[in-house]
Amino acid sequence: MSIDKFITLRSTCVPIQIENIDTDQIIPARFLKTTTREGFGDNLFRDWRFNKDNSPRKDFVLNDSAFPGKILVAGRNFGSGSSREHAAWAIYDYGFKVVISSFFADIFKNNALNTGLLPVQVSEEFLAEIFKSIQADPKTEIEVNLEKQEIKILSSGETEKFDINPYKKQCLLNGYDDIDYLLSINDKIDSFEKNRTISYN
């Protein structure tokens, strides 16, 4: 499945200043009945977004029209718990393109990158500045530049670099999944196959 190209994103943010958000909170297990990626966004943070009668909870940020951004900002240790890839699917299907935290569970990070969702890990200090800026002004915009591997708070000009696997960076920049990437280097693979020598002992 191809993914959207990601080069630079400038957006307001949706802040969830909670640490240790696990995958069951992101997408409860009872909603994992399908294997396609579509539709999971409807149940993103389901038990936090809705009351038992399915009415929206007014105190949850995803139900607040003041926060319509494509960047999710969360507390430390995001995506821990079960290894379900549906958590990344739900975030991406909802419309988020970036998740910012000061620490991600490794399996969630890999699942996110495979989905086309960019996890940006920043320092605790920079994360605190982001939350502070959003609290002061919900219209605060963040710019994420994948080519430069740089994140910027536009209102203050503060920037920080972030790390990403070089292969996954290349895939995101070009909108490739793993199959697309192999197809993109098909000529090189053919050339290698034709030119390699086989020795027999």
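These figures come from a predicted structure and were not determined experimentally.

*Asks:* I would appreciate a short explanation of the overall build of the protein in the present structure.
*Replies:* Within the protein one finds eight helices and seven strands. Contacts in the protein between residues at least 24 apart in sequence constitute 65% of all its contacts with a sequence separation of at least 6. As displayed, the protein has an accessible area near 11,200 Å², and 47% of this comes from carbon and sulfur atoms.

*Asks:* Would you explain the nonpolar core in this entry?
*Replies:* Soluble globular proteins tend to bury their nonpolar side chains together. Counting 54 residues, the largest nonpolar core has Phe78, Ile100, Phe108 and Leu118 as the members making the most contacts within it. When residues in this core are grouped by element, the largest group, six residues, is from helix α3 (residues 86-94). Excluding residues that lie within four positions of it along the chain, Leu118 makes contacts with Phe6, Lys97, Val98, Val99, Leu113, Val144, Leu146, Phe162, Ile164 and Leu172.

*Asks:* Teacher, can you tell me more about the environment of Phe6 here?
*Replies:* For Phe6, the location among the structural elements is in the segment before β1 (8-16). For Phe6, a relative accessible area of 6% translates into the label buried. Sequence-wise, Phe6 and Leu117 are 111 residues apart; in three dimensions their C-alpha atoms are separated by 9.1 Å. Setting aside anything within four residues of it in sequence, one finds Phe6 in contact with Lys97, Val98, Leu118, Val144, Leu146, Leu172 and Leu173.

*Asks:* Is there a simple way to explain the packing of aromatic side chains in this structure?
*Replies:* Each aromatic ring pair is described using two quantities: the centre-to-centre distance and the angle formed by the ring planes. Inspection of every chain in the model, using the stated rule, returns eight aromatic pairs. Put simply, the rings of Phe45, Trp48 and Phe60 pair up and form one aromatic cluster. Lying over the aromatic face of Phe50, Arg46 brings its terminal NZ or CZ to 4.3 Å of the ring centre.

*Asks:* Would you take a moment to explain the pattern of salt bridges for this structure?
*Replies:* Opposite charge on two side chains permits them to pair, given that their charged atoms come into close proximity. What the rule picks out here adds up to seven salt bridges. The shortest N-O distance in the salt bridge between Asp24 and Arg84 comes to 3.1 Å. Remark: Arg84 occurs in the loop between β2 (71-74) and α3 and Asp24 occurs in helix α1 (residues 23-26); sequence separation between them is 60 residues. Judged by relative accessible area, Asp24 falls into the partly exposed class, the value being 36%. By relative accessible area, which is 15% here, Arg84 ends up buried. Of the charged contacts in the structure, one is a salt bridge between Asp59 and Arg57, with a shortest N-O distance of 3.4 Å.

*Asks:* Would you explain the sheet that holds strand β3 (residues 98-101) in this entry?
*Replies:* Pairing between sheet strands relies on hydrogen bonds along the backbone, with the strands arranged either parallel or antiparallel. Strand order in this open sheet of seven strands is β4-β3-β2-β1-β5-β6-β7, and the pairing throughout is mixed. Unpaired on one side and paired on the other, β4 (118-121) and β7 (159-161) mark the two borders of the sheet. Geometrically, the sheet is characterised by an average inter-axis angle of 25° between neighbouring strands, direction not taken into account. Pairing analysis gives five bridges linking β1 to strand β5 (residues 141-145), with the strands arranged antiparallel. Its bridge partner lying in β5, Thr12 is registered against Glu141.

Calculation criteria
- Residues numbered from 1 in each chain as written.
- Predicted model: local features only at pLDDT ≥ 70, side-chain atom pairs only at ≥ 80, totals over all residues.
- Heavy atoms only, no water.
- Helix = DSSP H or I, 4+ residues; strand = E, 2+ residues; numbered from the N terminus.
- Contact = heavy atoms within 4.5 Å.
- Areas by Shrake-Rupley, 256 points an atom, 1.4 Å probe, with all protein chains shown as cover.
- Core = buried A, V, L, I, M, F, W, Y, C linked by side-chain atoms within 4.5 Å.
- Buried < 20%, exposed > 50% of the residue type's maximum accessible area, 1.4 Å probe, protein only.
- Phe/Tyr/Trp six-rings, centres within 6.5 Å; stacked < 30°, edge-to-face > 60°.
- Lys NZ or Arg CZ within 6 Å of the ring centre and 35° of its normal.
- Salt bridge = Lys/Arg side-chain N within 4 Å of Asp/Glu carboxyl O.
- Pairing = 2+ DSSP bridges.
- Axes fitted to C-alpha atoms, helices over the stretch in contact; angles between N-to-C directions.

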